[in-house]
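Coordinates in review
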Amino acid sequence: MKKYLLVLLVILFTGSMNLYSQEKKPEFKPEIKIGGTFYAGWTYNADDADFIGKLDTAAATGPNSNSAFGFNPIKNQFETGKNSFNIDRAYINIRASLTPQINARITPDITSVVDQSGVTQWTYQLKYGFVDYTPLALDNGTSLTMEVGVLPNYWINNIEKYYGWRGVQKTLTDYSWTMSATRNGNTVTRKTASYFSSADLGLTMKFTFPSKIADLTVALLNGNGYKNLAFDQNRFKDFMVTGFIYPLAGQIKQNMEAAKKMNKTRIDGIADLTVGGFAYMGKLGSNEYGVLNGGSYANNRFGGMANFKYNFKNFGYVKLGGEFSLQSNKIPVTLAGGSVDSSITAQGISTWFEFNPPVEAFQEKLMLTFRYDSFNPNTTKPGTNLVGFTGDANKQTLMIVGLMFKPASVLTLGLNYQIQSFDKDYIVKYDGTTKSSISRLYFNTILEF
């Protein structure tokens, strides 16, 4: 009897060991992946025009009240037919999976700077450098991840993904819009700025909801951006909340699983539906010192987005999307008896369209793209149209029409035409005549691996 019982125990024990070995997950192996991003191309000044930089204040005719800055612009301010090969972005991505819960990323960014002699030089800087820890990851898709270091701005990061053509142009909140242009003697000083930095030092927490129906990211940031490490500007922190909802995530997942069983890599019908929004409250690196009587900066941003993609049967697709973003800037002006606030509000909207013909020969390799942005850097002063870049004469638009060819998943070649327009004749042609728009022709090379 004891002999039979011993044999039974051995059978049960070995069976349970086999069951455990079958259910046990594969052993984790640390992994490091190296990739890169490279945007290069050629730019042609299609209309021999640029933003006014010099004024003819010494002309015998004197001032001209009909000119944008009160004087006629000087002729021949730039080289006619100006064109140039350029590199817009080049960086290396180093990603490491260190444990099942811990990952890291380091991204050196190759960029250009102008040295003290005015010569443009190549240098590099840290664009991203962070470690993330995921203490919670459930089978139903729920997860919680914490990150610390030089982090991406997750609004810009995601909008770039939905727009899809960062190698052509930056998105609405990352684009350098003209914020002001003032006359100083015979020169015009033009200042440009984006909504906020595309990366910053700080801490984030990202929560993914069950079935991956939505993502919520909360960030605490220095506010200076990744290019400015000045300690005296970051005593107060910036706060950002970003959220994206995927209402059809479950249905799209089921359709993809069914397509994989039929050895397909795509689904027909709706392939993406995303809505999202963000709120940013902070200083954006503004100097908090030197303002009398406790005046302080406040730079707040709010926005939303939507993206929709529909796959035609077997081949081709159409994509529509856009974002709307607001700015509210409280700027203290120092006076002898105290400080006053000069509040400025700005707003912008961007829409994009992409079409891949439902033709088997193209196989999602040829895309027609269109984008239209409208931006107003100051909506608090309507009804004025004074000399200079003021009032309702500072609105601007950006239109992009392009044809993109993707011979491989890692490489895209494109040709696009961009027109930036203003509400007033702030643009001068080579012959000295003025206009309200700048036209550029671009050839793009986009490499991502």
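Located above this text is the structure these notes cover.
Now for a look at the structure at hand. (Residues numbered from 1 in each chain as written. Predicted model: local features only at pLDDT ≥ 70, side-chain atom pairs only at ≥ 80, totals over all residues. Heavy atoms only, no water.)

What the rule picks out here adds up to one cavity of 30 Å³ or more. Counted as a void, the largest cavity has a volume near 50 Å³. If you list the elements that add at least two residues to the lining of the largest cavity, you get strand S5 (120-137) and helix H2 (154-163). Residue contributions to the lining of the largest cavity peak at three residues, all from H2. Residues belonging to the lining of the largest cavity are distributed by class as follows: three nonpolar, three polar and five charged. (1 Å grid on protein atoms, 1.4 Å probe; cavity = no way out; pocket = protein on both sides within 12 Å on 5 of 7 lines; lining within 4 Å. Points joined across faces, edges and corners; volume = space filled by probe spheres on them. Helix = DSSP H or I, 4+ residues; strand = E, 2+ residues; numbered from the N terminus. Nonpolar A, V, L, I, M, F, W, Y, C, P; charged D, E, K, R; others polar.)

The subject of this paragraph is the sheet that holds strand S19 (residues 427-429). Pairing between sheet strands relies on hydrogen bonds along the backbone, with the strands arranged either parallel or antiparallel. Taken in spatial order, the three strands of this open sheet run S2-S19-S20, and their pairing is antiparallel. The two strands at the open ends of the sheet, each matched to only one other strand, are strand S2 (49-51) and strand S20 (434-435). Bridge count between S2 and S19: three bridges; the pairing is antiparallel. Pairing of Phe51 across the sheet is with Ile427, part of S19. (Pairing = 2+ DSSP bridges.)

Our focus in this paragraph is H2. Buried residues dominate H2, accounting for eight of its ten residues. For H2, the full list of buried residues reads Tyr154, Trp155, Ile156, Asn158, Ile159, Glu160, Tyr162 and Tyr163. Positive backbone phi, at 90°, marks Gly164, one or two positions downstream of H2. (Buried < 20%, exposed > 50% of the residue type's maximum accessible area, 1.4 Å probe, protein only.)

Right, let's talk about the packing of aromatic side chains for a bit. By the definition in use, this model includes 21 aromatic pairs. An angle of 55° between the planes, with centres 5.9 Å apart, marks the rings of Tyr163 and Trp352 as tilted. Here Tyr163, found in helix H2, pairs with Trp352, found in strand S15 (residues 338-356); they are 189 residues apart in sequence, far enough to count as distant. By relative accessible area, which is 6% here, Tyr163 ends up buried. Since its relative accessible area comes to 5%, Trp352 is described here as buried. (Phe/Tyr/Trp six-rings, centres within 6.5 Å; stacked < 30°, edge-to-face > 60°.)

A few words on the environment of Thr107. Among the secondary structure elements, Thr107 is positioned in strand S4 (residues 102-114). The exposure class of Thr107 is buried, given its relative accessible area of 0%. When the C-alpha positions of Thr107 and Tyr128 are compared, they lie 4.9 Å apart, and in sequence the two are 21 residues distant. Setting aside chain neighbours within four positions, we find Thr107 in contact with Tyr91, Ile92, Asn93, Gln125, Leu126, Lys127 and Tyr128. (Contact = heavy atoms within 4.5 Å.)

Bringing the pattern of salt bridges into the picture now. Working definition: two side chains of opposite charge can pair if their charged atoms are close together. In total, this model carries nine salt bridges according to the counting rule given. Across the pair Asp88 and Arg166 runs a salt bridge whose closest N-O atoms are separated by 3.0 Å. Taken together, the positions of Asp88 in strand S3 (residues 83-97) and Arg166 in the loop between H2 and strand S7 (177-184) put the pair 78 residues apart, joining distant regions of the chain. Under the relative-accessibility criterion, Arg166 is labelled buried at 7%. (Salt bridge = Lys/Arg side-chain N within 4 Å of Asp/Glu carboxyl O.)

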